[in-house]
Structures are given as structure tokens and as C-alpha cells.
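Chain and residue survey
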Amino acid sequence: QVQLVESGGGLVQAGGSLRLSCAASGSIFSINAMGWYRQAPGKQRELVATVTNAGTANYVDSVKGRFAISRDNAKNTVYLQMNSLKPEDTAVYYCNRAPLAFKVNGMDYWGKGTLVTVSS
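Described below are features of the structure shown in this document. (Residues numbered from 1 in each chain as written. Predicted model: local features only at pLDDT ≥ 70, side-chain atom pairs only at ≥ 80, totals over all residues. Heavy atoms only, no water.)

For the rest of this paragraph, the subject is the environment of Asn-32. Assignment of secondary structure puts Asn-32 in the loop between helix H1 (26-29) and strand S4 (34-39). The spatial distance from the C-alpha of Asn-32 to the C-alpha of Trp-110 is 16 Å, given a sequence separation of 78 residues. Not counting residues within four places of it along the chain, the set of residues in contact with Asn-32 comprises Asn-53, Arg-71, Arg-97 and Phe-102. (Helix = DSSP H or I, 4+ residues; strand = E, 2+ residues; numbered from the N terminus. Contact = heavy atoms within 4.5 Å.)

Right under this line is the structure:
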């Protein structure tokens, strides 16, 4: 069964840093590319960073040079190091398979996410 547990969010001032972690079910983790998504208030969820099972990373332009995604296959964990945070990075952050979310009973599965709030 799929399980994704995100952690590491919090309140930080603009220019600060946070490191997010996501623990994933072992049977699904190592064979899939994983990603970090975010959903800001009133906006659609967007994919901001992906990492293949070999460690190749890609980013949306708005976070390039500031965010770094990585994974530890032995720990079934994916990370997102966020530096130089901006107020527009405020969102609930989720991890999931990328670019398509895991499905459970035919529906997209999402964990609870972790809230990142960046104050100006």
C-alpha cells in the first residue's frame, strides 16, 4: 500500500532555508521518479522538482538555483532543500511519483503535505 509522509515545513523569514523530507513506502519508491509538488492558497498544485531513481534532477524555472531535490533509496526518502526562500514559495508541499501521482483504487493518492510559510 502506498504511504507518503512529508515533514520539515514551518515558518521562515524571506531569505531563509528549510529542508523537507518525505518517507515513502519501500515497495514503490526505488522504481519510480519522485517529485515535490506545492499548492499555494487559491492555486492549482504544481510540480516544482523531480528526481529520477538514478538521481537526475529537474526544476521548474521559479525554483532553479534555490531548491535542490535529492533521494536516499536505502532510506526510501526524498528531500527538498529550499534556500533563499521567497514569500511566493508559501504553500503546502507534497511529494509523490512524478510526473503522475500514485493511484489507490483508481484515484490519485496524496499525503497530508507539509506547510511552508515564508514571511516578508
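Continuing now.
Pairing in this open sheet of six strands is mixed, and the strands run S2-S12-S9-S4-S5-S6 from one edge to the other. Strands with a single pairing partner mark the edges of an open sheet, and in this sheet they are strand S2 (10-13) and strand S6 (57-59). On average, each strand axis in the sheet is tilted by 25° relative to the strand beside it, whichever way the strands run. The pairing of S2 with strand S12 (residues 114-119) spans four bridges and is parallel. Directly across from Gln-13, in S12, lies its bridge partner Ser-119. (Pairing = 2+ DSSP bridges. Axes fitted to C-alpha atoms, helices over the stretch in contact; angles between N-to-C directions.)

By themselves, these observations are geometric and do not establish any function.
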